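What the coordinates show
Read off the chains here:
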Amino acid sequence: MGSTSGVFGETRADDRLHQAEQETERDFGDTSKQAEVHENSPADNARSSRRSMSTALAVEQQDPPGATEAAASSSRAVNGEQNSASVDLPGQSPQSLFDNPPNLARVRKILFECQDQIEITLREFETYWPFVDNVWVKQKTNASRGGHYLTEYYMCRLRRPTHRSSETRPLPEGKRPRNRRAREGGLCNVQIKVVRVSGAYPMVKIMRTPGSESAHSHDLDCIDRLKRNSGLMEFARRESTKGFLPSSIFTKFNEEPAKLIDAGGRFLTVTDVRNVSAKWRTQNPDIELIPHEGYELVQGQGIVKSASDAASTAVGGSSTGAAATTTTTTTTTTTTVTTHLPPDTLSFPCFPLEFLQSYLPKPSKRREFPHVTLSYASSMDSKLSLLPGMQTVLSGPEAKLMTHYLRSRHDAILVGVGTVLADNPGLNCRLEGAGGFGGLGRMWQPRPIVIDPMARWPIHPGCRMLRAAVEGKGKAPWVVVTPGAQIDPQRLMMLKSYGGDFLRIVEYNQNWRLRWEGVLRALASEGIKSVMIEGGGTILSQLLNSEYSELIDSMVVTVAPTYLGRGGVSVSPESKLDPDGKPNAALNPREVTWTPMGQNVIMCGKIRQPEAQQQAGGSAST
Ligand SMILES: NC(=O)C1=CN([C@@H]2O[C@H](COP(=O)(O)OP(=O)(O)OC[C@H]3O[C@@H](n4cnc5c(N)ncnc54)[C@H](OP(=O)(O)O)[C@@H]3O)[C@@H](O)[C@H]2O)C=CC1
Ligand SMILES: Nc1nc(O)c(N)c(N[C@@H]2O[C@H](COP(=O)(O)O)[C@@H](O)[C@H]2O)n1
């Protein structure tokens with residue numbers, strides 16, 4: 001324990017900590033912990049953490065002058081060159097809704113991992129800890145006899161025991177039970193302790209406890225997705241107390257995506273902001289909430305930038321003025337907020353799409369099965385791709401926009417595992433205005449469903465569906481498996497942490513294939529009212545068989561002016577014979593339209609019989 005950098009050297013700090021531990025141990029009579037202090041706090045570890053924390057803070061020097069000074073002062077404080085009481089943590093530009101301390105993302109990572117022992121000033125602890133308090137759940141607190149040391153024991157949030165919603169609890173009259181799912185527990189065994197050392201130079205040491213795993217079984221996003229940290233929510237609360245509309249606060253937050261993400265807000269929803277605002281509203285019910293300066297609330301569009309403001313200034317009106325002094329603009333023309341759109345954003349189609357309407361799901365109907373639309377792109381010889389496992393572009397730019405529009409109109413998109421392995425698809429809606437592409441939350445984003453009976457898909461955080469989910473640009477997939485599928489618990493946990501899941505279906509046909517009634521019924525029971533089935537060849541060919549024609553509502557096929565040849569992946573149902581044994585068409589869609597679209601033609605048709613005809617006992621059209 002050699003180095004003595006700063007006002008109190010490591011030697012003194014470690015001694016004090018050691019003493020703290022001894023006192024704490026005595027309180028609890030657990031003699032094993034004393035050895036653990038030595039194991040967990042060698043000087044190298046301490047130095048390395050100090051280095052990573054101070055480096056994390058020092059990197060901020062590339063930022064604007066105000067932030068640089070603040071970062072430098074924080075950095076000095078970490079190295080003990082400055083009394084922690086005088087650390088000047090940064091204020092940011094008045095336009096920003098965020099007040100992120102320097103290098104927040106890196107410091108959050110360090111405080112999440114707690115790989116090595118960390119030693120920081122109390123002030124720094126109090127600044128950064130609120131941004132990771134969603135990770136750590138306090139288990140117990142021990143105070144030393146003299147009161148100089150306070151040791152708090154924390155476990156990773158995912159270590160909590162499994163929670164099942166109690167069905168026996170009586171509900172208040174008129175209340176319906178909440179649709180809560182069981183929460184899987186015991187998923188991560190990382191535990192730490194936080195020792196606060198009081199005195200002239202209050203400091204905090206953070207280290208692993210014995211029995212802790214060496215690393216989390218998940219990443220920080222996984223926790224951020226489950227729960228928001230209180231540092232981030234304080235920004236929302238602060239803005240709410242100025243009388244701003246939650247949707248306006250949320251819109252403004254999303255105009256600073258880097259700061260939002262650094263603060264742990266990647267998964268923040270407008271509902272989170274509403275909840276914070278609602279608390280404040282209970283004390284201030286008479287104040288009329290308003291949008292930020294330069295924005296307005298437009299029926300059917302939500303918060304939009306006022307046209308005059310959009311033309312004259314950069315995004316981000318002042319958020320510091322009190323709401324009472326802010327006037328809502330009265331401009332009539334509005335434009336949606338289009339700043340910071342991801343590069344893969346597609347413009348909303350500017351050509352007519354009315355021809356699709358009668359083939360799309362109707363919102364009102366309550367049915368046993370979801371509305372099913374088959375939608376794929378095919379060559380002239382009914383091929384989906386040049387070879388199995390090879391993605392082949394058949395849709396021109398206009399047809400691609402139309403497909404994304406169709407995605408926005410369905411609750412789910414379904415594909416087979418063959419397609420996922422071949423294409424690594426995103427299966428999200430990338431039209432401007434969809435969630436993650438200028439819209440709020442997961443607006444217009446369908447749920448990807450993958451039919452993967454034996455769980456062959458090696459799902460991992462790098463695949464496009466999970467990346468889209470993390471970036472708020474889509475929902476995480478549900479993977480439909482059979483009871484025989486072997487699912488590695490790590491994979492299960494990982495998928496769940498992204499908001500996805502595995503659904504086990506037990507209804508088979510005589511070929512040991514899943515019955516589509518079972519799949520669709522399960523989706524309906526999970527609240528899916530419409531499914532767009534994109535492929536691939538195996539799935540589509542099955543569903544076009546007459547056995548399933550009563551499950552399929554419509555089809556929207558993009559036909560491309562090309563022949564892919566015999567080696568390609570075909571869409572072709574089984575041949576059919578009429579009652580006399582003569583060959584007959586396998587399927588004839590009804591109400592067919594053909595609409596040219598760029599180089600493609602879009603064929604729309606209906607398959608399921610109209611309900612009236614079904615009741616009258618009519619037969620399928622052939
Ligand atoms: N042009 C377009 O619009 C599209 C093109 N494609 C292309 O299609 C090709 C992929 O098609 P394909 O190889 O046929 O793969 P699919 O996507 O149709 O997936 C087939 C797999 O899904 C599982 N599966 C299908 N039906 C059932 C069932 N009833 N019960 C249980 N499991 C089932 C099986 O998995 P298992 O083997 O594990 O039993 C089967 O091998 C790719 O080249 C892709 O690029 C895909 C979508 C759209
Ligand atoms: N409509 C359409 N046209 C094509 O030319 C295609 N190749 C496909 N393929 C389907 O779209 C999926 C890719 O989706 P992302 O763009 O990655 O979201 C692919 O997996 C097929 O299902 N479709």
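Quick caveat, the model's predicted, so the values are computed rather than measured.

It is worth spelling out the site of ligand 1 at this point. Neighbouring ligand 1 are 29 residues; A377, T419, D423, L514 and T538 lie closest to it. A377 has a polar backbone atom sitting 2.8 Å from an oxygen atom of ligand 1. The side chain of D423 places a nitrogen or oxygen atom 2.8 Å from an oxygen atom of ligand 1. Relative to its free-state accessible area of 930 Å², ligand 1 is covered by the protein chains to the extent of 87%. Of all the secondary-structure elements, those providing two or more residues to the shell around ligand 1 are strand 9 (371–378), strand 10 (383–385), helix 14 (417–423), strand 15 (530–535) and helix 18 (537–543). Top element by residues in the shell around ligand 1 is helix 14. It accounts for 5 residues. Of the residues contributing to the shell around ligand 1, the split by class is 14 nonpolar, 11 polar and 4 charged.

It is worth spelling out the packing of helix 9 (residues 246–254) against helix 11 (residues 270–283) at this point. In the contact formed by helix 9 and helix 11, the axes pass within 9 Å of each other and the chain directions differ by 130°. With respect to their mutual orientation, helix 9 and helix 11 come out oblique. At the point where helix 9 passes helix 11, the crossing takes the right-handed sense. Residues P246, S247, I249 and F250 of helix 9 form the contact with helix 11, whose participating residues are V270, V273, R274 and S277. A breakdown of the residues in the contact of helix 9 with helix 11 according to their chemical character gives 5 nonpolar, 2 polar and 1 charged.

Moving on: helix 13 (residues 397–408). Spanning 12 residues, helix 13 covers 17 Å between terminal C-alpha atoms, matching the ideal 16 Å at 1.5 Å per step. In terms of burial, helix 13 is largely enclosed, as 9 of its 12 residues are buried. The inward-facing, buried residues of helix 13 abut strand 9, strand 11 (412–416), strand 15, strand 16 (554–559), strand 20 (590–597) and strand 21 (600–606).

On the secondary structure map, Q445 appears in the loop between helix 14 and strand 12 (447–451). Residue Q445 is classed as buried on the basis of its relative accessible area, which comes to 3%. In contact with Q445, not counting residues within four places along its chain, are N428, C429, A434, G435, F437, K473, G474 and K475.

By way of backbone hydrogen bonds, the strands of a sheet pair with one another, either parallel or antiparallel. Taken in spatial order, the 5 strands of this open sheet run 1-5-4-3-2, and their pairing is antiparallel. Of all the strands in the sheet, just strand 1 (118–121) and strand 2 (136–143) have a single pairing partner and so form its edges. Here the strands of the sheet are splayed against their neighbours by 20° on average, with no regard to which way each runs.

Burial of strand 1 is two-sided: the residues I118 and I120 facing one way and the residues E119 and T121 facing the other way are all buried. Pairing geometry for strand 1 and strand 5 (residues 203–208), over 4 bridges, is antiparallel. The partner of E119 across the bridge, within strand 5, is K205.

The next point concerns the nonpolar core. W129, W136, I192, V194, I206, F253 and L268 are the most contacted members of the largest nonpolar core, which totals 44 residues. If one sorts the elements of this core by residue count, helix 5 (residues 104–113) sits on top with 5 residues. Residue contacts for F253: discarding those within four places in its chain leaves L97, F98, F235, A236, L260 and L268. One finds V480, W516, Y548 and M555 within the second-largest nonpolar core, a separate group that totals 35 residues.

Around ligand 2, the structure places 17 residues, and the nearest of them are L394, S395, R407, R430 and R464. Note that an oxygen atom of ligand 2 is positioned 2.8 Å from one of the side-chain N or O atoms of R407. L427 is positioned with one of its backbone polar atoms (N or O) 2.9 Å from an oxygen atom of ligand 2. Taking 520 Å² as the accessible area of ligand 2 by itself, protein coverage stands at 85%. Among the elements of the structure, helix 13 and helix 14 are those that each provide at least two residues to the shell around ligand 2. When its residues are assigned to classes, the shell around ligand 2 shows 6 nonpolar, 6 polar and 5 charged.

Moving on to the sheet that holds strand 16. Pairing is mixed across the open sheet formed by 9 strands, whose spatial order is 14-13-12-11-15-9-16-21-20. The open sheet has two edge strands, strand 14 (501–504) and strand 20, and neither has a second partner. Averaged over neighbouring strand pairs, the angle between their axes works out to 20° when direction is ignored. Examined bridge by bridge, strand 16 and strand 21 share 6 bridges and lie antiparallel to one another. Looking at strand 21, one finds that V556 is bridged to C604.

Attention now moves to the side chain of D553. The topology assignment puts D553 in the loop between helix 18 and strand 16. Looking at D553, its side chain comes within polar contact range of the main-chain nitrogen of V372, at 2.9 Å. In terms of polar contacts, D553 uses its side chain to reach the side chain of R608, at 3.0 Å. With residues up to four places along the chain from it excluded, the contact list for D553 reads R367, P370, H371, V372, G605, K606, I607 and R608.

Take unusual backbone geometry next. With the exception of glycine, most residues fall at negative phi, and the peptide bonds are largely trans. For the peptide bond that leads from G535 to G536, omega is -5°, which places it in the cis range. Position of G536 among the secondary structure elements: in the loop between strand 15 and helix 18. With a phi angle near 50°, L427 is a residue other than glycine that sits in the positive phi range. Relative to the helices and strands, L427 resides in the loop between helix 14 and strand 12. If you check the backbone angles, E591 has positive phi at about 45° while not being a glycine. Looking at the element boundaries, E591 is found in strand 20. By relative accessible area, which is 45% here, E591 ends up partly exposed.

The element helix 9 is extensively covered by neighbouring structure, given that 8 of its 9 residues are classed as buried. For helix 9, the complete set of buried residues consists of P246, S247, S248, I249, F250, T251, K252 and F253.

A few words on the pattern of salt bridges. Taken as a whole and assessed by the stated rule, the structure comprises 22 salt bridges. Residues joined by salt bridges that share partners form a network here, namely K138, E152 and R196.

Turning our attention to the pairing of strand 21. In terms of residue burial, strand 21 counts as a mostly covered element, since 6 of its 7 residues are buried. Here strand 20 pairs with strand 21 via 6 bridges, running antiparallel. By the bridge assignment for strand 21, R590 is matched with K606. As consecutive antiparallel partners, strand 20 and strand 21 are separated by 2 residues, and within that stretch G598 has a phi angle of approximately 60°, a positive value.

Conventions adopted
- Residues numbered from 1 in each chain as written.
- Chains lettered and ligands numbered in written order.
- Predicted model: local features only at pLDDT ≥ 70, side-chain atom pairs only at ≥ 80, totals over all residues.
- Heavy atoms only, no water.
- Near = heavy atom within 4 Å.
- Polar contact = N/O pair within 3.5 Å; in protein donor to acceptor, adjacent residues only side chain to side chain.
- Areas by Shrake-Rupley, 256 points an atom, 1.4 Å probe, with all protein chains shown as cover.
- Helix = DSSP H or I, 4+ residues; strand = E, 2+ residues; numbered from the N terminus.
- Nonpolar A, V, L, I, M, F, W, Y, C, P; charged D, E, K, R; others polar.
- Axes fitted to C-alpha atoms, helices over the stretch in contact; angles between N-to-C directions.
- Parallel < 35°, antiparallel > 145°, perpendicular 65-115°, else oblique.
- Left-handed = near helix turned anticlockwise from the far one by under 90°.
- Contact = heavy atoms within 4.5 Å.
- Expected span 1.5 Å × (residues − 1).
- Buried < 20%, exposed > 50% of the residue type's maximum accessible area, 1.4 Å probe, protein only.
- Pairing = 2+ DSSP bridges.
- Core = buried A, V, L, I, M, F, W, Y, C linked by side-chain atoms within 4.5 Å.
- Salt bridge = Lys/Arg side-chain N within 4 Å of Asp/Glu carboxyl O.

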